[in-house]
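Observations on the model geometry
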Amino acid sequence: MSVTIFSVDHDSPAEHAGILPGETLCSINGNEICDILDYRFYETEKEVLLLLRDAQGAAREIKLRKGQYESIGLQFETYLMDRQRSCWNKCVFCFIDQLPSGMRESLYFKDDDSRLSFLFGNYITLTNLSQREADRIIKMKISPINISVHTTNPELRCRMMGNRFAGDCLRYLYQFAEAGIKLNCQLVLCHGWNDGEELERTLRDLLPLYPSVQSIALVPLGVTKFREGLTPLTPYTAETALEVVRTAERWGEQMQKQHGERICYAADEFYLKAGLPIPDAAFYGAFDQLENGVGLIANFREEFLFALEDVSSDAETHSGTLVTGVSFAPFLEELLDGLRRKCHNLTCKVAAIRNDFFGESINVAGLVTGGDILKQLQGKELGGRLLVPDTMLRHEGDLFLDNVSLKDLERELGVPVSVVPDDGGELLKLILRE
Ligand code: SF4
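Not measured: the values here are computed from a predicted model. (Residues numbered from 1 in each chain as written. Predicted model: local features only at pLDDT ≥ 70, side-chain atom pairs only at ≥ 80, totals over all residues. Heavy atoms only, no water.)

Brief notes about the sheet that holds strand S15 (residues 417-420)
Our working rule: When DSSP finds at least two bridges between two strands, those strands are taken to pair. Only DSSP runs of H or I covering at least 4 residues are called helices, and only runs of E covering at least 2 are called strands; the numbering of each starts at the N terminus. To get an axis, fit a line to the C-alpha atoms, keeping to the stretch in contact for a helix; angles then go from 0 to 180 degrees between the N-to-C directions. Note on contacts: a residue pair qualifies if any of its non-hydrogen atoms lie within 4.5 Å across the two residues.
Across the sheet, which stays open at both edges, the four strands sit in the order S13-S12-S14-S15 with parallel pairing between neighbours. The open sheet has two free edges, formed respectively by strand S13 (348-353) and S15, since each of these has just one partner strand. Taken over all neighbouring pairs, the strand axes of this sheet differ in orientation by 30° on average, direction set aside. Inspection of the sheet shows strand S14 (residues 386-389) paired to S15 by four bridges, in the parallel sense. Residue pairing for S15: Leu 386 is matched across the bridge by Val 417. On the sheet, helix H13 (residues 406-413) packs against S14 and S15 and is oriented at approximately 140° with respect to S15.

Quick look at the structure:
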């Protein structure tokens, strides 16, 4: 396989060597280039011999000398230089299967691509990985790899993931661990399926793989109101969530004693559901599983309180309304109370947006839609502006999940809208008048 060069970076080794857009890159130092991982891996040499072909198929070789990690300077039509791989599973808990129709096309794409795991931290299930690709990951020492394990019981994994190969492909996980590749594992827990004794078994299997297994996140399944015609699943209650937290903490404490690291964590959502206080930031070590909602609240709180130490009592604040999901609202209120004790003139307030779109059992900020914000805030006094967390918006920072835009909010609510990065210190900066 070869890949067509889309453009050549200005002033790059490739441009200086006269490489042209439209040529295809076949190999680097004799290694075939199939995708971005090959390219990134093999371009790191100081001397690279490129095999190129022009549009007519004529081959030429170019030798480049450059800095060890300097980029050659080639751009390709797509970032991966290849098609993005989709998943081959039918997981009983799949959130995408519970989305209503009519949302943005990209939201229905079920990705499961090991290249994206390395490049962007996406989770992979290993079910569409070949032994050749697993060997390549080991050869290139690609690390960390984020894996959706769910259970180490092969038969149960097949059933949960609706894929008869889901059990067998766990062998890659053990191969990666053996090769010393760092692994972040995710277990989406479904009550009565992979919790209880099955969870004990999974943790018993995974934790001995430390230090290759560097973190394990226990995440509750999400159940939306659109879950029709799918396998019945029971959402977690306070009691069943408490059991999960207790299990995670018991194993975490054992790892802490043995290795000085907890490794195993229950997601914030389990603590909230169980009515337990969120642990302090120190509990979460290196925060390896923030994307899975593990330690998000503790991290945000610590950032905010750290920045608050430098705020003087005569600091001026902007008026406005901070929107968030129902589950995070009490924590945000608590942080604003801390600020209010310092700055008595604080007029910023919190608006907890109920999730009517997906159903009330979904209460995290990241799944709040623009439509729900509009419906619930229309006609309300919002102060000088609306502050919207960036986790509610797509990557480009302009649209909510339901395609409502920030401009729609500004127009309909009649206030300017500012986007807040997912950082407590940055939020404080936005509230304060410098
Ligand atoms: S791996 Fe499972 S949960 Fe993930 S997208 Fe595919 S079917 Fe859905």
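Having seen the structure, we can now continue with the description.
Let's talk about the sheet that holds strand S9 (residues 213-220)
Spatial strand order, S7-S8-S9-S10: four strands in an open sheet with parallel pairing. Looking along the sheet, the strands with just one partner apiece sit at the ends: strand S7 (145-148) and strand S10 (264-266). If you compare each strand with its neighbour and ignore which way they point, the axes differ by 20° on average. As defined by bridge partners, S9 adjoins S10 across three bridges and the pair is classed as parallel. What sits directly across from Ala 217, in S10, is Tyr 265. Here helix H7 (residues 196-206) sits on the sheet in contact with strand S8 (183-189), S9 and S10, set at roughly 175° to S8.

Brief notes about the site of the ligand
Worth spelling out the cut-off: If a single non-hydrogen atom of a residue is within 4 Å of a molecule or strand, that residue counts as near it. Polar here means any residue outside two lists: the nonpolar Ala, Val, Leu, Ile, Met, Phe, Trp, Tyr, Cys and Pro, and the charged Asp, Glu, Lys and Arg; Gly therefore counts as polar.
If you check the shell around the ligand, you find Cys 87, Asn 89, Cys 91, Phe 93, Cys 94, Lys 110 and Thr 125 and nothing else. For the shell around the ligand, the class distribution of residues is four nonpolar, two polar and one charged.

Concerning the packing of aromatic side chains
Filter applied, for reference: Two rings belonging to Phe, Tyr or Trp (six-membered ring only in the last case) form a pair when the distance between their centres is within 6.5 Å. Interplanar angles under 30 degrees mark stacking, angles over 60 mark edge-to-face geometry, and anything in between is tilted. For every residue, the accessible area (1.4 Å probe, protein chains only) is compared with the maximum for its type, and the residue is labelled buried under 20%, exposed over 50%, or partly exposed between those bounds.
With the rule as written, the count across this model stands at 12 aromatic pairs. Ring geometry for Tyr 39 against Phe 76: centres 5.1 Å apart, planes inclined by 75°, an arrangement best described as edge-to-face. Of this pair, Tyr 39 sits in helix H2 (residues 36-42) while Phe 76 sits in strand S6 (residues 74-76); the two residues are 37 residues apart in sequence, bridging distant segments of the chain. Accessibility expressed as a relative area gives 4% for Tyr 39, which makes it buried. Taking the relative accessible area as the measure of exposure, Phe 76 reaches 10% and is therefore buried. Taken together, the ring pairs connect Phe 95, Phe 226, Phe 357 and Phe 358 into an aromatic cluster.

Quick look at the domain arrangement of the protein
Keep this limit in mind: A domain assignment, automatic or from a database, supplies the domain bounds used here. Defined in terms of a 1.4 Å probe, buried area is the accessible area two parts forfeit on being brought together, summed over both.
What the domain assignment lists for the protein is domain 1 (3-76), domain 2 (96-294) and domain 3 (301-431). The straight-line distance from the C-alpha centre of domain 1 to that of domain 2 is 37 Å. Taken together, the contact between domain 1 and domain 2 spans seven residues of the former and seven residues of the latter. Summed over both sides, the interface of domain 1 with domain 2 buries roughly 780 Å², with 63% coming from carbon and sulfur. On the domain 1 side of the contact with domain 2, Asp 35, Leu 37 and Phe 41 bury the most area, a combined 62% of that side's loss.

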